[in-house]
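For reference, the chains in residue letters:
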Amino acid sequence: MKKLCNLVLVLVLLAVCNLAAAQTPDYNDSGSWAYWRVGEGKAADLFIICPTVDLGTDGHTNMSLADEATKANFVGALNMQRSIYDAACRMYAPYYRQATLADYTLPAQEAAPYFDLAYSDVRAAFMHYMQHENNGRPFVLSGFSQGAEMCLRLLKEFGKTDFVQDNMIACYAIGWRFTPQEAEQYPYIRPAQSADDLGTVIIFNSEAPEVTASLMVPQGLKSFCINPLNWRTDAKPAAKTLNAGACFTDYGGSITREVPQLTGCYIDTERGVLKVTDVDKKDYPPVLSVFTDGVYHLYDYQFFYRNLQQNVNLRVKTFMEERQGQNAA
């Protein structure tokens, strides 16, 4: 009986491995991309990595690329951020076998293989983009939540390359953490210090003033953070009058509600998080069970939408002017 059970286990594992191999995306195929050369004729490119859309409620650990309903949600989640970037950028976004939301509730060691599988796809897509699509164009790297974590993994691996050093305008890794310990280990990853510094990483995590811990920045950890209203990294508050517009978007990318001057914010320099003022947390619930009341993770982009849009355009413009100056010299 024991031999039979072991045989069954081996067969199950082989079946799982074969299924994973069968789903390995081919990034030579434009069908493996949620966005593929979207917006020709733009000054720069965008390589954007989707946040978590697969909840994993039935126990599976990575998104299936054969699941058309989840892939539709994948595109929808990207569309919610799209107009932040599309004025200046031709857009690329790979489908990838992302880890599910349920994976975030597992012990780190148990969850690691699922995030590693997700990264293997993101890495392959980024390498394809580097080798076959970029052709020396400036690019923005962007991701939210799991997408931000994947961006940071890319920079840890590729951030010292000439490709990134010469061509990356900025990385918007919003909704995840980058700690001082990581900065010491990866000194070539430079957190943003101003509105227009180039080759840097823009990071923040939004929460109510009374929150002391979150999935993104657990208690006892500290992250780098920049204020998207005044583009400072100290505790100086930014009044809501600096907020050019909070935009709440749908899966089609349409803005369903826009509120200028909705909220101000300031940085909690002890934890390295963005404290959001002027809103009632009851009006902006966490929605997902992995977040507690007052964790505004799902609103990171939406609360500061117009300011981020302006900032992307500013950084692209600054990069293009600097590159033109170098070419002229």
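Residues numbered from 1 in each chain as written. Predicted model: local features only at pLDDT ≥ 70, side-chain atom pairs only at ≥ 80, totals over all residues. Heavy atoms only, no water.

1. Digging into helix 3 (residues 108–133)
Selection rule: In this description a helix means any DSSP run of H or I spanning at least four residues, a strand means any run of E spanning at least two, and both kinds are numbered starting from the N terminus. In a helix, the anticipated span is given by 1.5 Å times the number of residues less one. Burial here depends on accessible area, computed with a 1.4 Å probe over protein chains only, as a share of the maximum for the residue type. Under 20% is buried, over 50% is exposed, and the range in between is partly exposed.
Taking 1.5 Å of rise per residue, the 26 residues of helix 3 would be expected to cover 38 Å, and the 35 Å separating its terminal C-alpha atoms lies within 8% of that figure. Those residues of helix 3 that sit buried are Ala-111, Phe-115, Ala-118, Tyr-119, Asp-121, Val-122, Ala-125, Phe-126, His-128, Tyr-129, Met-130 and Glu-133. After helix 3 finishes, the residue Asn-135 shows a positive phi value of roughly 55°.

2. Regarding unusual backbone geometry
Although it is not a glycine, Asn-135 adopts a positive phi angle of roughly 55°. Looking at Asn-135, the relative accessible area reads 68%, which means it is exposed. At Gln-261, a residue that is not glycine, the phi angle is positive and equals roughly 55°. Tracing the backbone shows Gln-261 in the loop between strand 10 (255–259) and strand 11 (265–268).

3. Observations regarding the environment of Tyr-92
Stated precisely, the cut-off is as follows: Pairs of residues are marked as contacts when any of their non-hydrogen atoms sit within 4.5 Å. We define a polar contact as two N or O atoms separated by no more than 3.5 Å, with the added condition that, inside protein, one atom must be a possible hydrogen donor and the other a possible acceptor, whereas residues neighbouring each other in sequence contribute only through side-chain atom pairs.
Along the polypeptide, Tyr-92 turns up in strand 3 (residues 89–94). Sequence-distant contacts of Tyr-92, that is, excluding residues within four places in its chain, are made with Trp-33, Tyr-35, Trp-36, Arg-37, Asp-45, Leu-46, Phe-47, Ile-48, Tyr-129 and Glu-133. Of note is the side chain of Tyr-92, whose polar atom sits 3.3 Å from the side chain of Arg-90. Within the structure, the side chain of Tyr-92 is placed 2.6 Å from the side chain of Glu-133, a separation counted as a polar contact.

4. As for the side chain of His-297
You can see His-297 is positioned in the loop between strand 12 (273–276) and helix 7 (300–303). Residues contacting His-297, with those up to four places away along its chain left out, are Phe-144, Ser-145, Gly-175, Ser-206, Met-216 and Phe-291.

5. Section: the sheet that holds strand 7 (residues 200–202)
The condition that has to hold: Two strands form a pair only when DSSP identifies at least two bridges running between them. To obtain an axis, a line is fitted to C-alpha atoms, over the contacting stretch when the element is a helix, and the angle between two such axes runs from 0 to 180 degrees between their N-to-C directions.
Pairing in this open sheet of seven strands is mixed, and the strands run 1-3-2-4-5-7-6 from one edge to the other. Sheet topology places strand 1 (33–38) and strand 6 (190–191) at the edges, where each strand pairs with a single neighbour. Lying on the sheet, helix 2 (residues 68–85) is in contact with strand 1, strand 2 (44–49), strand 3, strand 4 (139–144) and strand 5 (168–174); it crosses strand 1 at an angle near 30°. Each of strand 1, strand 2, strand 3 and strand 4 is contacted by helix 3, which is oriented at about 170° to strand 2, the strand it contacts most.

6. Let's talk about the pairing of strand 5
Burial analysis of strand 5 places seven of its seven residues in the buried class, the great majority of the element. Sheet topology note: the strand 4/strand 5 ladder contains six bridges and is parallel. What sits directly across from Phe-144, in strand 5, is Ile-174.

7. Focus on helix 2
What counts, and what does not: To get the bend at any residue, fit one axis to the seven residues that end at it and another to the seven that begin at it, then take the angle between the two axes.
End to end, helix 2 covers 26 Å across 18 residues, agreeing with the expected 26 Å (1.5 Å per residue, within 8%). Remark: the principal bend of helix 2, roughly 35°, maps to Asn-79. Residues of helix 2 that are buried: Thr-70, Lys-71, Phe-74, Gly-76, Ala-77, Leu-78, Asn-79, Gln-81, Ser-83, Ile-84 and Tyr-85. Sitting at the amino-terminal end of helix 2 is Asp-67, which places a side-chain oxygen 3.2 Å from the backbone nitrogen of Ala-69.

Limitation: the analysis is restricted to geometry and does not speak to function.
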